Structure formats: C-alpha cells, structure tokens
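Observations on the model geometry
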Amino acid sequence: VYCYKHKINVLKITDAAAVAIILSQSIGRWGNFFNSEAHGTVTTLANLKKLMIPNFIIKGMYIDGEYFLPTFLFESIWDLLGFIILFLLYKKYKKLRLGQLTGIYFMWYSFGRFFIELLRTDSLMISNVALVFLIMIMLMLTLFIIYKKYRLINKKKYYYLNIFILVIGIFISVLFSKNIGSIRVACFVSLVLFGIGFLILLYNSKDTRLKRLEMRK
C-alpha cells in the first residue's frame, strides 16, 4: 500500500529487506529449540553424534525418552548461509538488477525449506482437493494480472482460460475425491515461493544497484 501510494517499486523495498529477513529467520529458528518444537523424525544418539551435533543440542533434542533430528538447526544453518551469500552479493556485486536479491532470497529459502520440511513430524497438512482449489485460485489471479495489467491476452481468451482452469480443476478434484491424500502446506508454499523467486529473477529491469549509487552521487 505504501509503495503504491508513493509510487515506489516494491522490489526496491524487498531487495533492501531480504538480507535482514533471512538473517532474522536464521536466528528465529532457535526459538523452536528452546520450546522443544518443530523437530524432525525420531533418530538415535549415534546418528546425532555422526552429524557432529553439539552436545547441548543433542540434550535438547531428547524429548519424552527419544532423540529427534534438530531440523531447526538445519534450517538455521541454511538461512545463515543464505544471509552470507546475499550480503556478499549486495556488497560486492554492483551490477545487481532490481529484484534479483529478492528472487535469490525466495529461491534459496524455499529450496532448503522444502527438503527440511520433509523431515519434520509436526507439519500442517492440506488435502489434495483443497490444494487443487488453491492452485486454481492462484492461476486465476495470475491470469487476471496478465490480462488487466500487462494486456498480454484479450478479453475473450481471458474468459476461455478461466473456464478451462475451472473445468480441469473440478475434474482433478473429482479424481482425488476417490482417494483423498494430503500434502505438507509448507512444501507447497515453498514450491510457490521458488517459482515467484524464479519469475522475479527473470524480471527485465535496467535499474541496477550501480546506477542507483551513481544517481545518489
């Protein structure tokens, strides 16, 4: 809303925030450790020692008589590596285009989160049918943006594509209703974020950080 009101490209804000956000996520994961939550599957003491997990974390992962994988630690390290990469890019690479830091952040974070989420035991799940409807809504919103903002398709094609998405969505939902399964919400969101990050990286902007620094001078 602020960016729209003041006519600021939102990617300028997200580029500035991405480096700090991924660092805060790395730090924030330690809250899961202190609360003994968001851990992984059951494992053994020997396996934790093989992974060279510090003793104080191993003790913290001993819950109700069993040892668990410290997925919070995996994600914290992954996010910390992402912070280092983004920070070095921001400091050293002056020809970064507008939105590229944001795109790299989305792709880095979501890639790691997808695989780490598969190890967790407390993931929020969603049914296949609900997932299909979520995808339908996202596709329709994307079509609306393409039609309304970029005018890449005409009105007739816009309506036909919406009908096509609706029909396919209902058909797939009927198939899934016979054998309802479920998927991890975080994994689905991670895939969406990875796709968004990839699209942002493809964003064709001539506005580089070097150019913005020169303008300030």
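The rules behind the values
Residues numbered from 1 in each chain as written. Predicted model: local features only at pLDDT ≥ 70, side-chain atom pairs only at ≥ 80, totals over all residues. Heavy atoms only, no water. Core = buried A, V, L, I, M, F, W, Y, C linked by side-chain atoms within 4.5 Å. Buried < 20%, exposed > 50% of the residue type's maximum accessible area, 1.4 Å probe, protein only. Helix = DSSP H or I, 4+ residues; strand = E, 2+ residues; numbered from the N terminus. Contact = heavy atoms within 4.5 Å. Salt bridge = Lys/Arg side-chain N within 4 Å of Asp/Glu carboxyl O. Phe/Tyr/Trp six-rings, centres within 6.5 Å; stacked < 30°, edge-to-face > 60°. Expected span 1.5 Å × (residues − 1). Polar contact = N/O pair within 3.5 Å; in protein donor to acceptor, adjacent residues only side chain to side chain. Axes fitted to C-alpha atoms, helices over the stretch in contact; angles between N-to-C directions. Parallel < 35°, antiparallel > 145°, perpendicular 65-115°, else oblique. Left-handed = near helix turned anticlockwise from the far one by under 90°.

Turning next to the nonpolar core. Grouped together as the largest cluster of nonpolar side chains are nine residues: F33, L48, I53, I57, I58, M61, L69, F72 and L73. Of all elements in the fold, only helix 5 (55–60) and helix 6 (71–92) reach the threshold of two or more residues within this core. Here M61 is in contact with F33, H39, E66, Y67, F68, L69, P70 and F72, once residues within four sequence places are set aside. Ranked by size, the runner-up nonpolar core spans eight residues in total, among them A18, I22, L96 and Y105.

Turning our attention to the pattern of salt bridges. Scanning the model with the defined rule gives four salt bridges in all. E117 is paired through a salt bridge with R113; the nearest N and O atoms lie 2.9 Å apart. Pair noted here: E117 and R113 are both in helix 7 (residues 100–117), with a separation of four residues, about one helical turn. Judged by relative accessible area, which is 2%, E117 ranks as buried.

As enumerated under the stated definition, the model contains 14 aromatic pairs in all. Between the aromatic rings of Y62 and Y67, the centroid separation amounts to 4.6 Å while the plane-to-plane angle is 50°, which identifies the pairing as tilted. Y62 gets classed as partly exposed once you look at its relative accessible area, which sits at 44%. Three or more aromatic residues joined by ring pairs make a cluster, and in this case those are W30, F33, F34, F56 and F72.

Moving on to helix 6. Compared with an ideal rise of 1.5 Å per residue, which puts 22 residues at 32 Å, helix 6 spans 31 Å between its outermost C-alpha atoms and is within 8% of the ideal. All of the buried residues in helix 6 are T71, F72, L73, E75, S76, D79, G82 and L86. The inward-facing, buried residues of helix 6 contact helix 2 (10–28), helix 3 (30–34), helix 5 and helix 7.

In this fold, E75 is placed in helix 6. Side chain to side chain, E75 and R29 meet in a polar contact 3.3 Å long. Not counting residues within four places of it along the chain, the set of residues in contact with E75 comprises R29, Y109, R113 and I116.

The contact between helix 7 and helix 10 (residues 185–201) brings their axes to 7 Å, and the two run at 155°. One element, helix 7, and the other, helix 10, form an angle in the roughly antiparallel class. Of the two possible hands of crossing, helix 7 and helix 10 adopt the one that is left-handed. Of the residues in helix 10, those in contact with Q100, T102, G103, I104, F106, M107, S110, F111, R113, F114 and E117 of helix 7 are A186, C187, S190, L191, L193, F194, I196, G197, F198, I200 and L201.

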